[in-house]
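# Fold and contact review
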Amino acid sequence: QKEVEQNSGPLSVPEGAIASLNCTYSDRGSQSFFWYRQYSGKSPELIMFIYSNGDKEDGRFTAQLNKASQYVSLLIRDSQPSDSATYLCAVHRRTSYDKVIFGPGTSLSVIP
Amino acid sequence: DAGITQSPRYKITETGRQVTLMCHQTWSHSYMFWYRQDLGHGLRLIYYSAAADITDKGEVPDGYVVSRSKTENFPLTLESATRSQTSVYFCASSESTGGPSTDTQYFGPGTRLTVL
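Let us look at the structure shown here. Please read all numbers here as calculations on a predicted model, not as lab measurements.

This part covers the side chain of S79 of chain A. Residue and element names in this part refer to chain A. Within the secondary structure, S79 sits in the loop between β8 (71–76) and β9 (85–92). On the basis of relative accessibility, which here comes to 0%, the residue S79 falls in the buried class. In terms of polar contacts, S79 uses its side chain to reach the backbone carbonyl oxygen of A17, at 2.9 Å. Sequence-distant contacts of S79, defined by excluding residues within four places in its chain, comprise V13, P14, E15, G16, A17, I18, A19, R60 and V110.

What follows concerns the interface of chain A and chain B. Accessible area lost when the parts come together is the quantity often used to give the size of an interface. With 18 residues of chain A in contact, the opposing surface of chain B contributes 23 residues. The contact between chain A and chain B buries some 1,700 Å² in all, and 60% of this surface belongs to carbon and sulfur atoms. There are 3 residue pairs in polar contact (both at pLDDT 80 or more) connecting chain A and chain B. Among the elements that line the side of chain A that touches chain B, the one with the most residues is strand β4 (residues 32–38) of chain A, at 4 residues. Classifying every residue of the side of chain A that touches chain B gives 11 nonpolar, 4 polar and 3 charged.

Attention now goes to the layout of surface pockets. What the largest pocket holds in volume is close to 620 Å³. Along the wall of the largest pocket there are 26 residues; nearest its centre are Q38 and G41 of chain A together with Q37, D38 and L39 of chain B. Listed by contribution, the elements that provide at least two residues to the lining of the largest pocket are β9 and β11 (106–111) of chain A together with β4 (31–38), β9 (87–94) and β11 (111–115) of chain B. Each residue belonging to the lining of the largest pocket can be placed in one class, and the counts come to 8 nonpolar, 14 polar and 4 charged. Taken as a whole, the second largest pocket holds about 340 Å³ of empty space. Sorting the residues of the lining of the second largest pocket by element identifies β10 (101–102) of chain A together with β5 (42–51) of chain B as the ones contributing at least two each. Of the residues forming the lining of the second largest pocket, the biggest block, 3 residues, is contributed by β5 of chain B. Per-class residue counts for the lining of the second largest pocket are 8 nonpolar, 4 polar and 5 charged.

About the thresholds
Residues numbered from 1 in each chain as written. Chains lettered and ligands numbered in written order. Predicted model: local features only at pLDDT ≥ 70, side-chain atom pairs only at ≥ 80, totals over all residues. Heavy atoms only, no water. Helix = DSSP H or I, 4+ residues; strand = E, 2+ residues; numbered from the N terminus. Buried < 20%, exposed > 50% of the residue type's maximum accessible area, 1.4 Å probe, protein only. Polar contact = N/O pair within 3.5 Å; in protein donor to acceptor, adjacent residues only side chain to side chain. Contact = heavy atoms within 4.5 Å. Buried area = accessible area lost by both parts, 1.4 Å probe. Nonpolar A, V, L, I, M, F, W, Y, C, P; charged D, E, K, R; others polar. 1 Å grid on protein atoms, 1.4 Å probe; cavity = no way out; pocket = protein on both sides within 12 Å on 5 of 7 lines; lining within 4 Å. Points joined across faces, edges and corners; volume = space filled by probe spheres on them.

Here it is in structure tokens:
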């Protein structure tokens, strides 16, 4: 079992729809969870982080964390073609930096 | 405000040659990281550094050497390049002074390395 798993996609959604991206992790000691966006040929950039169970909203983005189920998700409302990118889930355990693990990413395509 | 830069952006080399990839950050972040990104593997941590003169191995350190004599620089050296080291290499930094917001990693633009 990989430490951080994501559906590779590609995930296709029509413009204006909600895109739902999922991530599961195996290390129960994980404490911080990050979502990065990576456009083709570019470097990853942070969208948001979450560390408490529940939802965290930032504009059109909502991160959801369920530590009991070891599950974190990212919802993108009113999806735009500019949201087309690969989304990376990252899981961080504070006590040891070699536990910063990135998932393989989910490719999202928003169709106009 | 340059942030975090990497050089060169593209590099072609031959098997057996030594190659050094440079990383420079202007934020005085304590932590710096080197990742490689390959299709099917995502981002994999090669080495990281918590401060000047403090470095440690990540997930895939074999064949790589790092140093950090100054806070702002974190060069990665491939001592004898192999074809399997063909990849895109990203440098990143974070404050990590406490609290998840400071654990955010900021990435450089990447170096695309091809080993022939």
